[in-house]
Structures are given as C-alpha cells and as structure tokens.
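Take a look at the letters that make up each chain.
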Amino acid sequence: MAGLYTSLRPQPPSSSSSSQQSFFSKVLLLLTILPLSLALFAFVLQWRGGGVDDPISRWSPEESHKFPGMDSSPLATTVAHSSQWSDCSLLAHTNTPSFPYYKDWKFKLHPDLKPKICITTSTSAGLEQILPWMFYHKAIGVTSFLLFVEGKAASPYVSKVLESIPGVKVVYRTRKLEEQQAKSRIWNETWLSSFFYKPCNYELFVKQSLNMEMAIVMARDAGMDWIIHLDTDELIHPAGAREYSLRQLLLDVPSNVDMVIFPNYESSVERDDIKDPFTEVSMFKKNYDHLMKDTYFGMYKEATRGNPNYFLTYGNGKAAARIQDHLRPNGAHRWHNYMKTPNTDILEEVHHIKFYSTYDREVKLDEAAVLHYTYSKFSDLTSRRDRCGCKPTKEDVKRCFMLEFDRSAFIIASTATEDEMLNCKTMPALCSLEMVTICVIVQGLRESGVFSSIVSSAQESLSKDKFLASFESSNSTKAAASESLPSRKIGRNQHSQAARRVLEESASQFQFHVEAVPPRPPPGIDADVITEA
C-alpha cells in the first residue's frame, strides 16, 4: 500500500525535459521576431533608404496622390475657401496632376468580363470632345463604341484617330448607308411617323433612331449584353454602384429587367468663358425623379428665373437596354421590344442600388444618372444659328425644334448681338449637386497622356501615301454622300396614305404599341403630377 501511494505522488521534472521545453520556446520566439524584423527592414528600405521606388511616387509627384477631399489636396483647399471658380475649374487651371493613376493604362478590359456594354452615338464633334467622352466611359467599364459620324467627326484626320482605338467602330453616313436605312421597317410603322419629313431637330431624331436600329444588330454581332444611346455632351454617372463601375451597376440589375433608365442631371451655367465642360463644369441640377416633390415645386419659380422650364432642355433621361430578340429603338431616349408586354411588379434593392418600377419591364435608377452638359459653353448658343435654315420667328421655329428653350435659343442666336446673348437669363444652381468626381477622372485622363498618345500613334501608323489615299477616298465618299437625299426625305415615296391607314388600323389592335419617346422637359409648376408612394 505504501508502494502504491509512493507511485501516485507527482515526480519532480527531469533536467532533460526542462531543457527541451526551453529550446522550443526560443525557437517559437525566433520565428515570431524574424518576419517582423524583415518587414520592418523592408519598410525602412522603401521609405527611408531610397533603394525601392514607392508605387505611388511612380504615378505622381509628392503630395499629388491625395484623393479629393483629403487634407492638402487642391480640392480640399477649394472647399475650405470660397472661390469664383468651382472645384472643377480650379482643377483645370492647376499644374498638379489631379488623378494621375491612369498613366500607361491601356484600357484593355479582360475579354471575359460581364456584362459587355456598348455605347452608340451620332456625332459631328471633334476629337477635343469625343476622346474625353469616350475614355471616361472606358474608365467606368464600357466595352465598345459605335460612332455614326458626320461633319468634323468624319474628316480624315479625326476618323483615322477614332478607328485606331480598340473597341471603336466608325460608321460613315454614305449614300450606301442611307439606302440601307431607307429599307428599314421603321418607315412602315407608325411609332415614329410624327417626326418624318420635318427639318432640324426632328430630322436628327429620325436619323438617331435609324442609327440606333443598325447599332442593335452590330452590338449583338459583337457579343454585347447592353446597349446605351448617348450624345457626346452626356456622361453616365454610376452613383451607388460599387467601385463607381457601370459594369457592376448593370451586373446587379435583376434578370427580368429589360431596360434601365438613367434620369438626367443638367449642367448649371457657371461662367461664360467655359472651354472644356468636362473638366470645368461641376454643378448640376438634379432631376425631378431624384428630388423631393415639395422641394422641386417649392423652389421652381426661383430656379427657372423666367426660363421656359426647370431644365433648359430635356428631362426624361436616357436608357440602357438588354440586347435581345425583337429589340428596337423608341426614339433617342428609350428602347422597346416588339414582343414584350408591360411588367409593373419589379421593385427591389440590390447591393444598395434602388430600383423602382415604371412600365414595360423597365426600371429607373434611384441614384445613377446621365450628366447632360447642355449650353455650358457660349459657343453652344452661338452655333445655333448655323444648324438650321428656319426663320427666327416664334411660328417657324416650332417646326424645327421640339423644346421651348431650343426655340428661344435659336431666335436669340439669330437676332441678338453678343452682348445681348451674354445678358440672357440663366438658371442658378438650385437643387443642384456638385460632381467633382467626373472632373477629376477626365482631367486625370488628360494629364496621363492618354489622349495625346492615341493621336500620336494614329499619326505614326499613317504614311504620307496612305494618308493622301484616305483623304481622296474620304472626298469621294463625301461627294457620294452629298448626292444622297436628306434623312427626312428617305422613304418618302414608299408610303401611300392608304398604306398608312392600314398600318394605323393594324397598330390599334395591339394594346401595348408605344409611340416614340421624344425629348421632354420635366414637369412645370402647373403640372398635374401623381406623386409615387
């Protein structure tokens, strides 16, 4: 019994087990200290020794890597101190790179990224407007561009630069194109018929619709998932989307939604010496759909200051459509599917992006918008006089322009002196939103050398002989195009009154046959508006 008791008593530890435990403790301590020491040594080398370049310093000089709103950044200083310029205009006048992280970025998106987004436009603008517009949209996730070009945009120099950019398809307005569009089914339908055979903006509206119809086919052949029609004075603002990504925004759209509507914001007139709206204009009037109704109507008279409406031009936004069978344009602002019926049950919130339903399988975005830089330059007003052959009278301009301010602007540009035009009433930035992000991105693209490198590489790729040959070819194309009929006359002989009556009777049998959506102003102070719940 004594022996058993003795065996149960704890034995003192041996010297060998004690030394073994001490060895393991030292090894564990060494393994802990060694990586920490190496990390500290690397940090000292990088930031103090100068032996390793800081990645940020490769992109920008000291202090320029701060983001807008951070201390010591140009924009933070601007917010803290009042100035006669907006943040964007100060950004355009500074020598410090504003957002220099696009340097040497080739804008080559991974081919497997989904969804693939196509933007189509009809333009006569020059490179100074098209390149910032295009590369901004590349930066937020747009895959390809279909450019229907005329005027300056179709000149040999501009078109060759545009054709050299990956993901860009340039379509010229030739006689062959007009002959193709003359065979469009649009001429045999009634939804666009009220715009046929009218000048100026009506003619442009028809031309845009015909181009959009062709763009759908081209985009589908290229494997695109979404298509958007924008003008080159419009930028998409994907507010609410992760990573400020249009691709991410459309990826989060429910699969049963065919069309996404971006309400438009309109640039506020800030100064009369604006040269580059994308980097100098930052104040925008918010859309009626994104405002409290009490705020909108309560400030309406003060905001309009005697102008025809709260917005100078349209207020019904632009739309992105899912590419699928039977898709067609429904004017420049909307899309429509011949075979789809309305669906009013879509109402959900995905990744904090709010969607609210309207009709015909479409949703409006609660935060994202299209930024419309309209009448932001003084030349936007003066150029009106050269756009149409209409007489500058109140009666004649009605057949040329759809919106009241466009009519007034044409009359003023045609009859007033420059001083009188400078004294025209403009709207203050009430109910407005400051868009510094857009300016920062576009200015950063410009400073990174993206635009200049595209132009220089296009010039290098053209030998003198090739350039002359392209110039002669373009001249012959222009000559052929000049012989073609204007868009408003295409197909005029294809429609008889009898055929039109048959078409109208047939259309009336379909409950959901929709008319083309023209540019519409937001509701006026006397509008009978039904407030949504």
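Let me begin by describing the structure that accompanies this report.

The rules behind the values
Residues numbered from 1 in each chain as written. Predicted model: local features only at pLDDT ≥ 70, side-chain atom pairs only at ≥ 80, totals over all residues. Heavy atoms only, no water. Helix = DSSP H or I, 4+ residues; strand = E, 2+ residues; numbered from the N terminus. Buried < 20%, exposed > 50% of the residue type's maximum accessible area, 1.4 Å probe, protein only. Contact = heavy atoms within 4.5 Å. Areas by Shrake-Rupley, 256 points an atom, 1.4 Å probe, with all protein chains shown as cover. Axes fitted to C-alpha atoms, helices over the stretch in contact; angles between N-to-C directions. Left-handed = near helix turned anticlockwise from the far one by under 90°. Nonpolar A, V, L, I, M, F, W, Y, C, P; charged D, E, K, R; others polar. Expected span 1.5 Å × (residues − 1). Patch = residues over 30% accessible without salt bridge, like charges linked within 9 Å, V, L, I, M, F, W, Y side chains within 5 Å. Salt bridge = Lys/Arg side-chain N within 4 Å of Asp/Glu carboxyl O. Pairing = 2+ DSSP bridges. Core = buried A, V, L, I, M, F, W, Y, C linked by side-chain atoms within 4.5 Å.

**Some details on the overall build of the protein**
Point 1. Helix and strand counts for the protein come out as 20 helices and 16 strands.
Point 2. In the protein, buried positions account for 47% of the 533 residues.
Point 3. For the protein, the share of sequence-separated contacts (at least 6 apart) that also reach a separation of at least 24 residues comes to 74%.
Point 4. On the protein, roughly 27,800 Å² of surface is accessible, and the fraction owed to carbon and sulfur atoms is 55%.

**A closer look at the packing of helix H6 (residues 127–139) against helix H18 (residues 450–461)**
Point 1. Orientation of H6 relative to H18, taken along the N-to-C sense of each, is 115 degrees, at an axis distance of 10 Å. In the packing of H6 onto H18, the handedness of the crossing is right-handed. Residues Leu 127, Leu 131, Pro 132 and Phe 135 of H6 pack against Val 450, Phe 451, Ile 454 and Val 455 of H18.
Point 2. Residue composition of the contact of H6 with H18, by class: 8 nonpolar, no polar and no charged.

**Some thoughts on H6**
Point 1. For H6, which comprises 13 residues, the first-to-last C-alpha distance of 18 Å matches the rise-based estimate of 18 Å (1.5 Å per residue) to within 8%.
Point 2. Counting buried positions over the 13 residues of H6 gives 10, a clear majority of the element.
Point 3. Those residues of H6 not exposed but buried are Leu 127, Ile 130, Leu 131, Pro 132, Trp 133, Met 134, Phe 135, Tyr 136, His 137 and Lys 138.
Point 4. Two residues or fewer after H6 comes Gly 141, characterised by a positive phi angle close to 115 degrees.

**Observations concerning a nonpolar patch on the surface**
Point 1. Side chains of Phe 23, Phe 24, Val 27 and Leu 31 sit close together on the surface and give an oily, nonpolar patch of about 410 Å² of accessible area.
Point 2. Relative to the assigned elements, Phe 24 resides in helix H2 (residues 15–49).

**Some points on the pairing of strand S7 (residues 264–267)**
Point 1. Here S7 shows two buried faces, one formed by Asn 264 and Glu 266 and the other by Tyr 265 and Ser 267.
Point 2. Taken together, the 3 bridges between S7 and strand S15 (residues 369–372) define a ladder with parallel strand orientation. For Asn 264, the partnering residue across the bridge sits in S15 and is Val 370.
Point 3. Pairing geometry for S7 and strand S8 (residues 283–285), over 2 bridges, is antiparallel. Among the inter-strand pairings, Ser 267 is bridged to a residue of S8, identified as Phe 284.

**Considerations on the environment of Val 260**
Point 1. Inspection of the secondary structure assignment puts Val 260 in strand S6 (residues 259–262).
Point 2. Classification of Val 260 as buried rests on a relative accessible area of 0%.
Point 3. Taking the C-alpha atoms as reference points, Val 260 and Arg 361, separated by 101 residues in sequence, lie 8.9 Å from one another.
Point 4. Not counting residues up to four positions away in its chain, the partners in contact with Val 260 are Trp 226, Leu 250, Val 253, Lys 318, Ala 319, Ala 320, Val 363 and Leu 365.

**Some words on the nonpolar core**
Point 1. Trp 133, Met 134, Tyr 136, Leu 162, Leu 246, Val 260 and Phe 262 are the most contacted members of the largest nonpolar core, which has 61 residues in total.
Point 2. No other element matches H6, which puts 7 residues into this core.
Point 3. Within the second largest apolar cluster, 19 residues are counted, among which are Met 212, Ile 216, Ile 261 and Ala 321.

**Description of the pattern of salt bridges**
Point 1. A complete count under the given rule lists 18 salt bridges for this structure.
Point 2. The residue Lys 398 makes a salt bridge to Glu 395 at a minimum N-O spacing of 3.9 Å.
Point 3. Accessibility expressed as a relative area gives 42% for Lys 398, which makes it partly exposed.
Point 4. Note that Asp 396 and Arg 399 form a salt bridge whose closest N and O atoms lie 2.7 Å from each other.
Point 5. Note on Arg 399: relative accessible area 41%, which makes it partly exposed.
Point 6. Connected through salt bridges with shared partners, the residues Asp 231, Glu 234 and Lys 318 form a single ionic network.

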